[in-house]
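Below, each chain spelled out in residue letters.
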Amino acid sequence: MPCHPDVVGWATLLSSCRVQCDMEIGKWAADSLIELEPQNPATYVLLSSLYAAKGKWNEVAQLRRGMRDKRVKKEPGYSWIKYKGKVHVFSTDDQSNPFLGQIYAELEKLNCKMIEEGYIPDMCFVLHDVEESEKIKMLNHHNGKLVIAFGLIFVLFLLAYAYGLLRT
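Residues numbered from 1 in each chain as written. Predicted model: local features only at pLDDT ≥ 70, side-chain atom pairs only at ≥ 80, totals over all residues. Heavy atoms only, no water.

**Quick word on helix H1 (residues 7-20)**
The end-to-end C-alpha separation of H1 is 20 Å, in line with the 20 Å expected for 14 residues at 1.5 Å each. Listed in full, the buried residues belonging to H1 are Trp10, Leu14, Cys17 and Arg18. With its buried residues spanning 105° around the axis, H1 presents them on a single face. Seen from the buried face of H1, the exposed residues on the opposite side, beyond 90 degrees, are Val8, Thr12, Val19 and Gln20. As for H1, its buried residues are in contact with helix H2 (23-36) and helix H3 (41-53). Between the side-chain oxygen at the start of H1 and the backbone nitrogen of Val8 there is a gap of 3.2 Å, and the oxygen is on Asp6. (Helix = DSSP H or I, 4+ residues; strand = E, 2+ residues; numbered from the N terminus. Expected span 1.5 Å × (residues − 1). Buried < 20%, exposed > 50% of the residue type's maximum accessible area, 1.4 Å probe, protein only. Arc of directions from axis to C-beta. Contact = heavy atoms within 4.5 Å. Polar contact = N/O pair within 3.5 Å; in protein donor to acceptor, adjacent residues only side chain to side chain.)

The following block contains the structure:
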């Protein structure tokens, strides 16, 4: 290579190693990234994801301990949607929304429909050593899916009403 890779180059390589499940090159890329940016949680999360995909749970635990020891903290992800002038914020497995029952019921309907259509959840993206049923729950209750369910319930209802498709 005519020049040394920067953070973006190493992160791209690590990310593609995650997709390809290439542990050897992924570890090399992660080590190089940690050398350049030791406090960047994204590197640790990608490497943890690579270990989890290979079922190397001891390495996942060791990496998380290392993050704690180095005081590297990953901020939780959030998704949001604006409805009637208010921003509704969701985190994974959120329990604070007043419409929680409706949201989870909508998610259940969507998940059943997707499975009927042949959807198979990709468990290798769940970074926890738990039973398969718990992994499915974790995937189904991801913050992005909570926002989609909220939007389907409330925004689509509002649009249907606005276009005269629903009567009250």
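This is not the end of the story, as more comes after the structure.
**Describing the packing of H1 against H2**
The geometry of H1 relative to H2 is characterised by a closest axis approach of 8 Å and an angle of 150° between their N-to-C directions. Taken together, the axes of H1 and H2 lie roughly antiparallel to each other. The hand of the H1/H2 crossing is left-handed. Contact residues: Val7, Trp10, Ala11, Leu13, Leu14 and Cys17 in H1; Ile25, Gly26, Trp28, Ala29, Ala30, Ser32, Leu33 and Leu36 in H2. (Axes fitted to C-alpha atoms, helices over the stretch in contact; angles between N-to-C directions. Parallel < 35°, antiparallel > 145°, perpendicular 65-115°, else oblique. Left-handed = near helix turned anticlockwise from the far one by under 90°.)

**Remarks on the pairing of strand E2 (residues 86-91)**
Across six bridges, the pairing between strand E1 (residues 78-83) and E2 is antiparallel. Bridging across to E2, Ile81 finds its partner in His88. Taking the residues that link successive antiparallel strands as the turn, the E1-E2 hairpin has two residues, and the phi of Lys84 there is positive, at about 50°. (Pairing = 2+ DSSP bridges.)

**What to know about the pattern of salt bridges**
The full count for this structure, using the stated rule, is two salt bridges. Note that Lys27 and Asp31 form a salt bridge whose closest N and O atoms lie 2.8 Å from each other. Of the two residues, Lys27 and Asp31 are both situated in helix H2; the distance of four residues between them amounts to about one turn of the helix. Taking relative accessible area as the criterion, Asp31 reaches 36% and is therefore assigned partly exposed. (Salt bridge = Lys/Arg side-chain N within 4 Å of Asp/Glu carboxyl O.)

**Things to note about the packing of H1 against H3**
Direction vectors running N to C along H1 and H3 enclose 20°, while the axes themselves pass 9 Å from each other. The orientation of H1 with respect to H3, classified from their angle, is roughly parallel. The handedness of the crossing between H1 and H3 is left-handed. Together, Ala11, Leu14, Ser15, Cys17 and Arg18 of H1 and Thr43, Leu46, Leu47, Ser49, Leu50 and Ala53 of H3 make up the contact between the two elements. Per-class residue counts for the contact of H1 with H3 are seven nonpolar, three polar and one charged. (Nonpolar A, V, L, I, M, F, W, Y, C, P; charged D, E, K, R; others polar.)

**Topic: the environment of Gln62**
Tracing the sequence through the fold places Gln62 in helix H4 (residues 57-69). Sequence separation between Gln62 and Ser48 is 14 residues; the distance between their C-alpha atoms is 9.4 Å.

**Observations concerning the packing of aromatic side chains**
Throughout the structure, instances matching the rule amount to seven aromatic pairs. Look at Tyr83 and Phe150: their rings are 5.8 Å apart centre to centre, the planes differ by 85°, and that puts the pair in the edge-to-face class. You can see Tyr83 sitting in strand E1 and its partner Phe150 sitting in helix H7 (residues 143-162), a full 67 residues away along the chain. For Phe150, a relative accessible area of 0% corresponds to the buried category. A ring pair is formed by Tyr83 and Phe154, whose centres lie 5.6 Å apart and whose planes are at 45°; its orientation type is tilted. Within this pair, whereas Tyr83 is found in strand E1, its partner Phe154 is found in helix H7, the two being separated by 71 residues in sequence. Residue Tyr83 is classed as buried on the basis of its relative accessible area, which comes to 14%. Take Phe154: its relative accessible area is 11%, and that puts it in the buried class. (Phe/Tyr/Trp six-rings, centres within 6.5 Å; stacked < 30°, edge-to-face > 60°.)

Any functional reading would require information beyond the geometric quantities listed.
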